[in-house]
Amino acid sequence: MARTSYISSGLLLGVLSVVMANGVALGQQLELKSIEPDVAGFKARIVPLFEDYCLDCHDNKIKKGNFSLEGIDSTQINGDGLETWRLIREQVTFGDMPPKDKLQPTPDERKAMIAWIRDELRKGQLPGVPKSEKLALPQYGNYVDHDALFGARLDRVYPAPPRLWRLRPDIYDSTMPRLGDRIEGLANGLNELDDPEFKDYAASYFLDEAATAPLLGNAKKIAESMIGPRAKDRVFRELASDDGPPKPEAVRDAIGVVFRKVLDRGATAEETDRFQAFFDKTAAAAGHKTAAKMMITAVLMQPEVLYRRELGDGKPDEYGRVRLSPREIAFALSYALSNEPIDEFMKSAAAGGLATSEQVGALVRSRLADDSRGQGKNPRVLQFFREYFNYPFARDVFKDKPEGGDHDPQRLVADLEATIRDVLRADQNVFAELLTTRKYYVDANFKNDKRDGVILVKGHERWSPYHTAYNLSPDWKWSAETQPVEFPRDERAGVLTHPAWLAAWSGNFENHPVQRGKWIRTHLLGGSVPDVPIGVDARVPEREHTTFRDRLKIATEPAECWRCHKKMNPLGVAFERYDHYGRFQRLDAGQPVDASALISRTGVAELDGKKVAGPIELVELLAKSEYAEQVFVRYVFRYFMGRNETIGDANTLQDAHKAYRDSGGSFRELVVSLLSSDSFLLRQTSAQAGSKP
């Protein structure tokens, strides 16, 4: 039994010691030429500026704001000092420092300081450069310099290293139960992040003892089902027959079958010998029936079952890049679009149909086009929008029943999904349409009909006045002819003014302009906002006859608060035009609603300083912004790649954005471009030759 434990959980927990083909250890970093910090430039160009304009207030003696620049370590700009240097750059870029009443650097001096910090920060954004673990998480993706990604093209794509990527729970739930006969009650030990970021990130997960226990229990249940009295495969019945131990050739046949069922490939000669030896040893100690169960359990606990392998295969190119094997590509494409292996991808891999980027692109395009009506074949496409906008969270925000109506977040979420599906079916100017459409489906759904294809039907038979969230009359009547419902131009525009999104980004009893503003800052403007410091009381004071906007101002106007809130509040207050149920409102606390907003601190000339009268004007302005569109492309990249971009992915991002624009804003073509790119298909396995990004 000790041997059984070793083959199952021992192999599982030893995943990180696996050695890849070509002798390259998993997780090896690219061996880029050493990128040394510019210490000489810091001393010659930056220290004098600090001495002239900063140290009067920020030396070790005065340390205003508990912040000192005296003796700051320039070599840690991409290490422990990253957040400090990012703050310095922001303060200098937007003129926060030095204060207005202090001596100011000349424009050239300010530019020189900004440029030096920018160039040093970019060194840490190159592919393969060792980074803090947190920078691999999705919430830090915007730390990578946008101008470097969408500026000059590189000589090639510098892909990520090989990786093992733990399965997401949905894949496990889709693939494991079907291995057994009517197996039920499997415990999913694969956790998922509980925050408003992309869930399936390779860097976010690992398997530990706590996760291994339920997975091992599942494997034992499945193995028992496979060899039980109702076993469908003859080889498994023979393996655990009441008539006595199986012959050696029967064991070898069973090993081959279980590998094909579980791993979708045959066992190698080495694997066959190893598992047969394990079977024989266990049979000698505990009998052939126990040996059969434990051998299958061991296969079910192989790292290849619980991790996605993206190691690469074949001879590296002149730059040390290796292409994923056809099988790895087939699984990567399948899990990018679905939660189980997709038959046409697996067959194409076996037939040599995934050898070029053009072949991959054609297959992905065909798969997406075939799903243009129902969108059920590729569930991961719609899942992107769920995770990007995070509107399903409306179901988790408790609210009392509003006067004169009802609050049904389940129906609101379903309405928004029907609307998003409609935009995806048209597949034109998808980003702009999602931000500006006036047409919402209300209590409607799309159903797959065998005769008529996808048809529009009423969403729910049980009547509910939940539609008052759209400011529709309580006695509003549903009809197919009125769907989608077109709303007045000054009331609604796209996802961000839909009651589902507004409810998701609200509190239990009031609006949440801070979180709404943060979402716009990060997901449309490509910015970042620090988490709320521990110990800060983030409550908005209660004041009768005072609008929420004014109460928020009171709570966040102190300098130590406003430093971060100035990135969020001026954007989020635009949505005070709606109450926390998502209903359009003209009065708040008995006073006219002020929904004016300001776009600032983006560094983008087309956007900075723009004042808008309300949410409609805000989203329409952002929908027309090429910069915001590029930020959207970055988020699509992260979702389908399962990682943050690096500067080495610049060409992939530029090509994806071009594909989107050249196709008239087709989300399908954007996905095709990404899934057939070098960033998706290649891995870096050795030192890069030639120029560096």
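Thresholds, definitions, all that
- Residues numbered from 1 in each chain as written.
- Predicted model: local features only at pLDDT ≥ 70, side-chain atom pairs only at ≥ 80, totals over all residues.
- Heavy atoms only, no water.
- Domains from an automatic or database assignment.
- Buried area = accessible area lost by both parts, 1.4 Å probe.
- Nonpolar A, V, L, I, M, F, W, Y, C, P; charged D, E, K, R; others polar.
- Helix = DSSP H or I, 4+ residues; strand = E, 2+ residues; numbered from the N terminus.
- Polar contact = N/O pair within 3.5 Å; in protein donor to acceptor, adjacent residues only side chain to side chain.
- Expected span 1.5 Å × (residues − 1).
- Buried < 20%, exposed > 50% of the residue type's maximum accessible area, 1.4 Å probe, protein only.
- Contact = heavy atoms within 4.5 Å.
- Core = buried A, V, L, I, M, F, W, Y, C linked by side-chain atoms within 4.5 Å.
- Salt bridge = Lys/Arg side-chain N within 4 Å of Asp/Glu carboxyl O.

So, on to the domain arrangement of the protein chain. Taken domain by domain, the protein chain consists of domain 1 (18–150), domain 2 (167–308) and domain 3 (379–623). With centres defined by C-alpha atoms, the gap from domain 2 to domain 3 works out at 45 Å. Together, the buried faces of domain 2 and domain 3 total about 560 Å²; carbon and sulfur atoms form 57% of this surface. Class assignment of the residues belonging to the side of domain 2 that touches domain 3 gives a composition of two nonpolar, no polar and four charged.

Another point: the side chain of Asp649. Locating Asp649 in the fold gives a position in the loop between helix 25 (626–641) and helix 26 (650–662). Within the local environment of Asp649, its side chain forms a polar contact with the side chain of Ser679, the two groups lying 2.7 Å apart.

A rise of 1.5 Å per residue sets the reference length of helix 26, with its 13 residues, at 18 Å; its end C-alpha atoms lie 18 Å apart and thus fit the reference within 8%. Among the residues of helix 26, Ala650, Asn651, Thr652, Leu653, Gln654, Ala656, His657 and Tyr660 are the ones counted as buried. Against helix 5 (146–149), helix 18 (430–436), helix 25, helix 27 (667–675) and helix 28 (678–681) lie the buried residues of helix 26. The positive-phi residue at the C-terminal boundary of helix 26 is Gly664, with phi of around 75 degrees.

Right, let's get into the nonpolar core. In terms of nonpolar packing, the biggest core is built from 149 residues, with Phe385, Phe389, Leu496, Ile520 and Phe667 touching the most fellow members. If near-sequence neighbours (up to four positions away) are discounted, Phe667 is found in contact with Val381, Phe384, Phe385, Leu424, Asp427, Val430, Phe632, Val636, Phe640 and Tyr660.

Tallying each qualifying case throughout the model produces 48 salt bridges. The closest approach of N and O atoms between Arg462 and Asp408, which form a salt bridge, is 3.9 Å. Of this pair, Arg462 sits in the loop between strand 6 (453–458) and strand 7 (485–486) while Asp408 sits in the loop between helix 16 (379–389) and helix 17 (409–426); the two residues are 54 residues apart in sequence, bridging distant segments of the chain. With a closest N to O distance of 2.9 Å, Asp443 and Lys458 form a salt bridge. With Asp443 in the loop between strand 4 (439–440) and strand 5 (444–449) and Lys458 in strand 6, the pair connects residues that are 15 residues apart, well separated along the chain. For Asp443, a relative accessible area of 6% puts it in the buried group. For Lys458, a relative accessible area of 28% puts it in the partly exposed group.

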